[in-house]
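# Coordinate analysis (summary)
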Amino acid sequence: HLSQVRLRRPPPASRMYALLSLPAIVGTSADVGRPIVWSIAGSDSGGGAGVQADLLTCHSLGAHGCTVVTALTAQNSVGVRHVELASGDSVRATLHALAADLPPRAIKIGMLGGEASVLEVGAFLAAAETATEEAGGAEGAAGGAHSA
């Protein structure tokens, strides 16, 4: 459960430059030649926060943004009206799909929303860290494992 997952404190969501860097990975999008940054966060229907804002920031910084959506929100500039959490299966599937093809240079973690997302993201990052350590660093990362 939660006590079994080692997570680092996420950086403030408003500071994109405070990304959780992954030095063993040099993820770049082959299509666009830009560094790949994952945003693991909720979706803000108003566009002012969450993965929508993160994608805009990535673009403005010259990075290729990818998203793992942990929650859907119905909100505007005034407030949040509804939140629906993504299932653990959905979060896990998205993480593995991205890892197989679009390895990140950095990961920004925002709102995880609930226990299922916390457990899936924590387990993914812990497994990636272990796989990278066992492989001896960057060489082992080529198979889709990422060090946190």
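Residues numbered from 1 in each chain as written. Predicted model: local features only at pLDDT ≥ 70, side-chain atom pairs only at ≥ 80, totals over all residues. Heavy atoms only, no water.

### Remarks on the nonpolar core
Membership of the largest hydrophobic core comes to 18 residues, with the highest contact counts inside it found for Trp38, Ile40, Leu95, Ile109 and Val121. Going through the elements one at a time, β2 (36-44), β3 (64-75), α2 (88-101), β5 (106-109) and α3 (115-135) are the ones with two or more residues in this core. (Core = buried A, V, L, I, M, F, W, Y, C linked by side-chain atoms within 4.5 Å. Buried < 20%, exposed > 50% of the residue type's maximum accessible area, 1.4 Å probe, protein only. Helix = DSSP H or I, 4+ residues; strand = E, 2+ residues; numbered from the N terminus.)

### Details of the side chain of Thr73
Structurally, Thr73 is set in strand β3. Engagement of the side chain of Thr73 in a polar contact is seen with the backbone oxygen of Ser43, the distance being 2.6 Å. The contact partners of Thr73, leaving out residues within four places of it in the chain, are Ser43, Asp44, Ser45, His82, Val83 and Met111. (Polar contact = N/O pair within 3.5 Å; in protein donor to acceptor, adjacent residues only side chain to side chain. Contact = heavy atoms within 4.5 Å.)

### Describing the pattern of salt bridges
Scanning all chains against the criterion turns up 3 salt bridges. Residue Asp54 is joined to Lys108 by a salt bridge in which the shortest nitrogen-to-oxygen separation is 3.2 Å. Linking Asp54 in helix α1 (residues 50-60) with Lys108 in strand β5, this pair joins segments that are 54 residues apart in sequence. Residue Glu120 is joined to Arg92 by a salt bridge in which the shortest nitrogen-to-oxygen separation is 3.0 Å. With Glu120 in helix α3 and Arg92 in helix α2, this pair connects stretches of sequence that are 28 residues apart. (Salt bridge = Lys/Arg side-chain N within 4 Å of Asp/Glu carboxyl O.)

### Comments concerning the environment of Cys58
With respect to the helices, strands and loops of the structure, Cys58 is situated in helix α1. It is 8.8 Å that separates the C-alpha atoms of Cys58 and Ile36, two residues lying 22 residues apart in sequence.

### Brief notes about the pairing of strand β4 (residues 80-85)
Bridging between β3 and β4 involves 5 bridges; their strand directions are antiparallel. Of the residues in β4, the one forming a bridge with Ala74 is His82. Hairpin connection between β3 and β4: a loop of 4 residues separates the two successive antiparallel strands. (Pairing = 2+ DSSP bridges.)

### Some points on the environment of Phe124
Tracing the sequence through the fold places Phe124 in helix α3. Look at Phe124 and you get buried, because its relative accessible area is 8%. Placed 28 residues apart in sequence, Phe124 and His96 show a C-alpha to C-alpha distance of 8.5 Å.

### Remarks on a nonpolar patch on the surface
Among the surface-exposed residues, Val80, Val83, Leu85 and Met111 lie close enough to one another that they form a single nonpolar patch of about 340 Å² accessible area. Take Leu85: it is sitting in strand β4. (Patch = residues over 30% accessible without salt bridge, like charges linked within 9 Å, V, L, I, M, F, W, Y side chains within 5 Å. Areas by Shrake-Rupley, 256 points an atom, 1.4 Å probe, with all protein chains shown as cover.)

### Re α1
Listing the buried residues of α1 in full gives Val51, Ala53, Asp54 and Cys58. Burial along α1 is one-sided: seen end-on, the buried residues are contained in an arc of 160°. Along α1, the residues that are exposed and aim more than 90 degrees away from the buried face are Leu56, His59 and Ser60. Looking at the buried side of α1, the elements it contacts are β2, β3 and β5. Gly62 sits one or two positions beyond α1 and adopts a positive phi of about 80°. (Arc of directions from axis to C-beta.)

### Section: the pairing of β3
Inspection of the sheet shows β2 paired to β3 by 9 bridges, in the parallel sense. The residue of β3 that forms the bridge with Ile40 is Val68. In this fold, the crossover linking β2 to β3 by way of α1 has right-handed handedness. (Right-handed = clockwise from strand over helix to strand, strands pointing away.)

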